[in-house]
Amino acid sequence: MAIVLGPNRYGKAETRVVRVTRDGGVHTIKDLNVSVSLSGDMDEVHLSGDNANVLTTDAQKNTVFAFARKYGIASAEEFALTLARHFVDSRPTIHHARVEVQEYAWDRIPVLEGGVPRAEQHSFVRSGGEVRTALVHSDGTGGAESVVSGLTDLVVLNSTGSEFHGYVKDEYTTLEETNDRVLATAVTARWRHHGTDAGDAGGWDASYAGARQALLDAFAGTYSLSLQQTLYAMGRRVLTERPETCEVRLAMPNKHHFVVDLAPFGLDNDNEVFFAADRPYGLIEGSVLTGDAPDAPDAWS
Ligand SMILES: O=c1[nH]c(=O)c2[nH]c(=O)[nH]c2[nH]1
């Protein structure tokens, strides 16, 4: 019985590209997950291992980054069309290109100065996705009770205003020091309340909204020398803005954004095109307390 090669395609899946565009001190970002799949005269690579018609998936990934720098990302559709046409038009042996794009939406976190928007705006929060949490322990009415509020997956990004240097350099340290990097994290925060009645705080919803806003304001408003420093500033801001709270625990993965080296393609990259890595990630965790915070409540154990 004859065995034949059926339909096939190949490409680089899930290139995570973040493009920062600057208009003076006001930044905008585009955050895409791009998957390329090509097909054409690809019999030989399958049948005999002859790679002569193979445009590497590595080159496809590089093209995504290079095009983000060269042409910008006006829209997911425009970017996908530009890429798809390029792949087919550039090689006679590629007949079809499928480019699939997922775009993650970001909202601006406005930074105010004296009540008006500051000239520099480069802080963002991912639209939707976050989850509000509440955790209560009760030994019954009149007994010990504790309330912990919080959130998970509050994803935030500063496209500048973050440095990282002065750290230990041992024989395994290769990380370059930087005076300007993207700082991004998915915040998990829990804050415990002094009491079990949010009446003075305007109710639980107002308390939650205020604490969430304090986290955002501190993230956006802190010029960061480390994510640890930003974590402390965020916890501190919740405690000062919301006197009904006495401890904030934070877990913040450092969602690394690496500047893509575009020099091999004759392009500069002045912090405009980033590779958003998903793992491994630094995980920064810490607790910030008021001086009079009682011992950790049962709700937390
Ligand atoms: O803000 C940071 N804190 C670290 O501890 C760390 N470690 C690292 O590699 N990058 C960073 N960034």
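Residues numbered from 1 in each chain as written. Predicted model: local features only at pLDDT ≥ 70, side-chain atom pairs only at ≥ 80, totals over all residues. Heavy atoms only, no water.

In the nomenclature of an unreviewed UniProt entry, the protein corresponds to Uricase from the organism Actinomadura parmotrematis. Under Sequence similarities (unreviewed entry), UniProt gives the following word-for-word description of the protein: "Belongs to the uricase family." Database annotation for the protein, UniProt heading Pathway (unreviewed entry): "Purine metabolism; urate degradation; (S)-allantoin from urate: step 1/3." (UniProt positions renumbered as here; feature names shortened; annotations may be inferred.)

The next thing to look at is the packing of helix H2 (residues 57-71) against helix H3 (residues 76-90). The contact between H2 and H3 brings their axes to 11 Å, and the two run at 125°. The angle between the axes of H2 and H3 places the two elements in the oblique class. Where H2 crosses over H3, the handedness of that crossing is right-handed. Mapping the contact onto sequence places Gln 60, Thr 63, Val 64, Phe 67, Ala 68 and Tyr 71 in H2 and Phe 79, Thr 82, Leu 83, His 86 and Phe 87 in H3. Across the contact of H2 with H3, the residue classes tally to seven nonpolar, four polar and no charged. (Axes fitted to C-alpha atoms, helices over the stretch in contact; angles between N-to-C directions. Helix = DSSP H or I, 4+ residues; strand = E, 2+ residues; numbered from the N terminus. Parallel < 35°, antiparallel > 145°, perpendicular 65-115°, else oblique. Left-handed = near helix turned anticlockwise from the far one by under 90°. Contact = heavy atoms within 4.5 Å. Nonpolar A, V, L, I, M, F, W, Y, C, P; charged D, E, K, R; others polar.)

The next thing to look at is the packing of helix H4 (residues 204-221) against helix H5 (residues 227-241). As a packed pair, H4 and H5 sit with axes 8 Å apart at the nearest point and diverge in direction by 140°. By the criterion of interaxial angle, the relationship of H4 to H5 is oblique. Of the two possible hands of crossing, H4 and H5 adopt the one that is right-handed. For the pair H4 and H5, contact is made by Ala 211, Ala 214, Leu 215, Asp 217, Ala 218 and Phe 219 and by Thr 230, Ala 233, Met 234, Arg 237, Val 238 and Glu 241, respectively. Split into classes, the residues belonging to the contact of H4 with H5 amount to eight nonpolar, one polar and three charged.

Attention shifts here to the pattern of salt bridges. In total, this model carries 16 salt bridges according to the counting rule given. For Arg 98, the salt bridge identified is with Glu 100, shortest N-O distance 3.2 Å. Among the residues examined, Glu 100 registers a relative accessible area of 38% and is labelled partly exposed. Among the ionic pairs, Asp 278 bridges to Arg 279, the shortest N-O distance being 4.0 Å. Assessed through its relative accessible area of 58%, Asp 278 is described here as exposed. Note on Arg 279: relative accessible area 65%, which makes it exposed. Salt bridges linked by common partners bring Arg 19, Arg 69, Asp 268 and Glu 272 together as one network. (Salt bridge = Lys/Arg side-chain N within 4 Å of Asp/Glu carboxyl O. Buried < 20%, exposed > 50% of the residue type's maximum accessible area, 1.4 Å probe, protein only.)

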